[in-house]
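Each chain, written out:
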Amino acid sequence: VTVDFQELVSTSGGSKFGTAVAVDGSMVAISAPGTSEGIVHIFMQNEWGDWHAIDEISNPMGPSSGQFGASLALGDVLVIGDPGANSGDGVVHIFDVVGGAASLIATLDGPIHVEPGGNFGNDVALLGTTLAIGAPGPLGGAGAVVGRVSIYDINLGKGSPVQLDVVIEGGSRELSQFGFSVALSESGATRALAAGMPGMDLMPGDHGTVEVYRDSGDGQWLLEASLAPDTTTNMDGFGAAVGIGGE
């Protein structure tokens, strides 16, 4: 079997090019958060199948913690997570990328919490106009690390994104890193959310966990299942990345 491929490279040497990748049709976004401000490269495929760099998006907030582009999602818009912004509170930027030319639509601030370090934007997922944003860092007082996933309607062409729901890990278990990874899928009229909790393996006998939620149809996301590996190995990182299919 012959497989045609093309290697895409960054013009910013040593920039951690490829930290996050998102693809939609003939467009691909690739982050390089290791530069001074962080860069997201946009490539498009032409009618002959060749890929060409067409745009570079720099951090609209200027020099960062080196996490602009830590997460990406691409669809009708490009979503870029920067969990290190604002002393680790994190922000998420939403860009219009019609035709490959990027323009900033909105910037979402991290959730309100007592201390910095929520890491809002550690992972992002996009399904149509539904956006899920993971914030696995400390969100409570006294160093509590509970984590949460926020669900938004990006409200294309109708104003600012609207927050629909906040899905908090069922037991509010500290140190779980709930929302470290997120994924969305749709089957018919049913939508599902998977949220990883790799921090659940920090204590003896624990392991990482992934929780699956279903959209109730009225904007609320209800816990359907908790998935865990058939192992007692600690620090295996189960749930550090997740994907969910449509069936």
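The sections below set out a description of the structure shown in this document.

Definitions and cut-offs
- Residues numbered from 1 in each chain as written.
- Predicted model: local features only at pLDDT ≥ 70, side-chain atom pairs only at ≥ 80, totals over all residues.
- Heavy atoms only, no water.
- Helix = DSSP H or I, 4+ residues; strand = E, 2+ residues; numbered from the N terminus.
- Buried < 20%, exposed > 50% of the residue type's maximum accessible area, 1.4 Å probe, protein only.
- Contact = heavy atoms within 4.5 Å.
- Areas by Shrake-Rupley, 256 points an atom, 1.4 Å probe, with all protein chains shown as cover.
- Salt bridge = Lys/Arg side-chain N within 4 Å of Asp/Glu carboxyl O.
- Pairing = 2+ DSSP bridges.
- Axes fitted to C-alpha atoms, helices over the stretch in contact; angles between N-to-C directions.
- 1 Å grid on protein atoms, 1.4 Å probe; cavity = no way out; pocket = protein on both sides within 12 Å on 5 of 7 lines; lining within 4 Å.
- Points joined across faces, edges and corners; volume = space filled by probe spheres on them.
- Nonpolar A, V, L, I, M, F, W, Y, C, P; charged D, E, K, R; others polar.
- Phe/Tyr/Trp six-rings, centres within 6.5 Å; stacked < 30°, edge-to-face > 60°.

Here the focus is the overall build of the chain. If you tally the helices and strands in the chain, you get one helix and 16 strands. Out of the 247 residues in the chain, the part that is buried amounts to 47%. Taking contacts inside the chain between residues at least 6 apart in sequence as the whole, the part at least 24 apart equals 45%. Element-wise, carbon and sulfur atoms account for 51% of the exposed surface of the chain, whose accessible area totals about 11500 Å².

Of note in this structure, lysine 16 is not a glycine but carries a positive phi near 60°. With respect to the secondary-structure elements, lysine 16 resides in the segment before β1 (21-24). One non-glycine residue, asparagine 119, adopts positive backbone phi at about 55°.

This part covers the pattern of salt bridges. Under the defined criterion, the tally for this structure stands at two salt bridges. One salt bridge in this structure joins arginine 191 and aspartate 215, with 2.3 Å as the shortest N-O distance. Here aspartate 215 lies in strand β15 (residues 209-215) and arginine 191 lies in strand β14 (residues 190-197), a separation of 24 residues in the sequence. Between arginine 214 and glutamate 224 there is a salt bridge, with its nearest N and O atoms 2.9 Å apart.

The sheet built from four strands is open, its strands ordered β13-β14-β15-β16 with antiparallel pairing. Strand pairing shows two members of the sheet lacking a second neighbour, β13 (181-187) and β16 (221-227), which therefore form its edges. If you compare each strand with its neighbour and ignore which way they point, the axes differ by 25° on average. Summarising the sheet, β13 and β14 pair through seven bridges and their orientation is antiparallel. Across the sheet, the residue bridging to serine 181 is glycine 196, located in β14.

Before going further, it helps to spend a moment on the layout of surface pockets. The computed volume of the largest pocket comes to approximately 220 Å³. Taken together, 17 residues line the largest pocket, and the ones lying closest to its centre are Leu72, Asp123, Val124, Val182 and Val242. Listing elements by their share of the lining of the largest pocket, those giving two or more residues are β5 (71-74), β9 (123-127) and β13. Classifying every residue of the lining of the largest pocket gives 13 nonpolar, three polar and one charged.

Okay, the packing of aromatic side chains next. Given two aromatic rings, their pairing is described by the distance between the two centres and the angle made by the two planes. Under the defined criterion, the tally for this structure stands at two aromatic pairs. With a centroid separation of 6.5 Å and 70° between ring planes, the pair formed by phenylalanine 17 and phenylalanine 43 is classed as edge-to-face. One end of the pair, phenylalanine 17, is in the segment before β1; the other, phenylalanine 43, is in strand β3 (residues 39-45), and 26 residues separate them in sequence. Given the relative accessible area of 25%, phenylalanine 17 is considered partly exposed. Ring geometry for phenylalanine 178 against tyrosine 213: centres 6.3 Å apart, planes inclined by 65°, an arrangement best described as edge-to-face.

In this section: the environment of leucine 78. Relative to the helices and strands, leucine 78 is located in strand β6 (residues 78-82). In this structure, the C-alpha to C-alpha distance between leucine 78 and valine 98, residues 20 residues apart in sequence, is 9.6 Å. Every residue in contact with leucine 78, bar those within four places of it in the chain, is listed here: Ala29, Val40, Ile42, Ile57, Leu72, Ala73, His93, Ile94, Phe95 and Val97.

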